[in-house]
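For reference, the chains in residue letters:
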Amino acid sequence: IHKQINLSKALPSQESVSEFFIDKLKNQSLTEEEYSYFKKRGEDTLSSWIDKNKTKFQQSDISEHDFSSENIVIDEAKITGKIDVIRSIEDNEFAVIDYKTGSPIDSWTGLNATSAIKANSYKNQLMFYKFLVDNSTSLGSKASAKQGIIEFTTPDDDNNFTELIYDYDQSEMDRLRKLLSIVWYKIINLDLPNTDEYPSTIKGIKAFENDLIDGKI
């Protein structure tokens, strides 16, 4: 969709988007029953999602931007990635958008153990993207990500589309920067700590991260 807007300066028709989706779906290893199910579900979802977002798309949106050639380094840690959409807010200020196709969540804290872990992972992903944007050469030396957005392309039980908006917090950015540096050092030195004592919960994840930062492991 974004590439088509950049090329033609217009939102592609529902029909062309549907045709593109069906072509991709045909290349998947699906039974006839699975194909019929995903075809109908995909066409219905795409139609609703495009209708909801048609006023948000901008010709200046940068889609699927790949940072692999930019040699970005954060405290000796070499990082790269690809961002779904980088959207200009004003001069040199951007929002980064990541599309998710899984079950939506509507809170950064999560309503249960599984969604809490997802929310934590999504927030870390958006903060990581800020490191990429803020240190990008292709976007300009003054480029800065001011906001991160997780946008779910699958509707919730009420057929509404959800997005999580994160206004970057410097203390959380500083914490992730420490973790990046520590994890990078441990990886290149093959110093991989045992995680068996940490439960697979958000509390266990935070405890593991804190022990890394405090040098306990």
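You'll find the structure just up there.
Below or above, wherever it landed, is the structure these notes cover. (Residues numbered from 1 in each chain as written. Predicted model: local features only at pLDDT ≥ 70, side-chain atom pairs only at ≥ 80, totals over all residues. Heavy atoms only, no water.)

### A short note on the overall build of the protein chain
Now for step 1: When you go through the protein chain residue by residue, the secondary structure sums to six helices and seven strands.
Now for step 2: Element order for the protein chain, N to C, with α for helix and β for strand: α-α-α-β-β-β-β-β-α-β-β-α-α.
Now for step 3: Taken along the three principal axes of its C-alpha coordinates, the protein chain extends 55 × 40 × 30 Å.
Now for step 4: Looking at the 217 residues of the protein chain, the share that counts as buried comes to 36%.
Now for step 5: Considering only contacts in the protein chain between residues 6 or more positions apart, those separated by 24 or more positions represent 60%.
Now for step 6: When the accessible surface of the protein chain is totalled, it reaches about 13,100 Å², and 48% of it is carbon and sulfur.
Now for step 7: Across the protein chain, the 26 positively charged side chains and the 37 negatively charged ones have centroids separated by 2 Å. (Helix = DSSP H or I, 4+ residues; strand = E, 2+ residues; numbered from the N terminus. Buried < 20%, exposed > 50% of the residue type's maximum accessible area, 1.4 Å probe, protein only. Contact = heavy atoms within 4.5 Å. Areas by Shrake-Rupley, 256 points an atom, 1.4 Å probe, with all protein chains shown as cover. Lys, Arg positive; Asp, Glu negative; His and termini not counted. Charge placed at Lys NZ, Arg CZ, Asp CG, Glu CD.)

### A short note on the sheet that holds strand 7 (residues 163-167)
Now for step 1: The mixed open sheet is built from five strands, whose spatial order is 1-4-5-6-7. For this open sheet the edge positions go to strand 1 (62-66) and strand 7, each flanked by a neighbour on one side alone. With direction set aside, neighbouring strand axes in the sheet form an average angle of 30°.
Now for step 2: As defined by bridge partners, strand 5 (residues 93-100) adjoins strand 6 (residues 144-152) across eight bridges and the pair is classed as parallel. Paired with alanine 95 across the two strands is glutamine 147, which belongs to strand 6.
Now for step 3: Packed on one face of the sheet, helix 4 (residues 113-134) meets strand 4 (82-90), strand 5, strand 6 and strand 7 and runs near 145° to strand 6. (Pairing = 2+ DSSP bridges. Axes fitted to C-alpha atoms, helices over the stretch in contact; angles between N-to-C directions.)

### Section: the layout of surface pockets
Now for step 1: What the largest pocket holds in volume is close to 1,200 Å³.
Now for step 2: Lining the largest pocket are 26 residues; nearest its centre among them are Ile1, Val17, Phe20, Phe21 and Leu46.
Now for step 3: Among the elements of the structure, helix 1 (2-8), helix 2 (14-26), helix 3 (32-53), strand 1 and strand 4 are those that each provide at least two residues to the lining of the largest pocket.
Now for step 4: Looking at side-chain class alone, the lining of the largest pocket contains 12 nonpolar, nine polar and five charged residues.
Now for step 5: Considering only enclosed or pocket space, the second largest pocket measures out at about 240 Å³ in volume.
Now for step 6: Here the lining of the second largest pocket is composed, by residue class, of three nonpolar, seven polar and five charged. (1 Å grid on protein atoms, 1.4 Å probe; cavity = no way out; pocket = protein on both sides within 12 Å on 5 of 7 lines; lining within 4 Å. Points joined across faces, edges and corners; volume = space filled by probe spheres on them. Nonpolar A, V, L, I, M, F, W, Y, C, P; charged D, E, K, R; others polar.)

### A few points about a nonpolar patch on the surface
Now for step 1: On the surface, a cluster of nonpolar side chains totalling about 520 Å² of accessible area is made up of Val183, Tyr185, Ile187, Ile188 and Leu192.
Now for step 2: Here leucine 192 shows up in the loop between helix 5 (170-188) and helix 6 (202-213).
Now for step 3: Under the relative-accessibility criterion, leucine 192 is labelled exposed at 63%. (Patch = residues over 30% accessible without salt bridge, like charges linked within 9 Å, V, L, I, M, F, W, Y side chains within 5 Å. Salt bridge = Lys/Arg side-chain N within 4 Å of Asp/Glu carboxyl O.)

### A look at the pairing of strand 4
Now for step 1: When strand 1 meets strand 4, the two strands line up antiparallel, connected through four bridges. By the bridge assignment, histidine 65 is partnered in strand 4 with isoleucine 83.
Now for step 2: Pairing analysis gives five bridges linking strand 4 to strand 5, with the strands arranged antiparallel. Bridged to glutamate 90 within strand 5 is glutamate 93.
Now for step 3: In this antiparallel pair of consecutive strands, strand 4 and strand 5, the connection spans two residues, and asparagine 92 shows a positive phi of 65°.

### Observations regarding the pattern of salt bridges
Now for step 1: Counted by the stated rule, this structure contains 12 salt bridges.
Now for step 2: Taking the shortest distance from any N to any O, the salt bridge between lysine 56 and glutamate 163 comes out at 3.2 Å. Residue lysine 56 is located in the loop between helix 3 and strand 1, and its partner glutamate 163 is located in strand 7; the two are separated by 107 residues in the primary sequence.
Now for step 3: Looking at lysine 56, the relative accessible area reads 28%, which means it is partly exposed.
Now for step 4: Of the charged contacts, one joins lysine 130 and aspartate 134 as a salt bridge, the two residues approaching to 2.8 Å between their closest N and O atoms. Taken as a pair, lysine 130 and aspartate 134 lie in helix 4 at a separation of four residues, close to a single helical turn.
Now for step 5: In the salt-bridge network here, residues are joined through shared partners; they are Arg175, Lys206 and Glu209.

### So, the side chain of lysine 100
Now for step 1: Mapped onto the fold, lysine 100 is located in strand 5.
Now for step 2: Other than its neighbours up to four places away in sequence, lysine 100 contacts Tyr122, Gln125, Ile150, Glu151, Phe152, Thr153 and Thr154.

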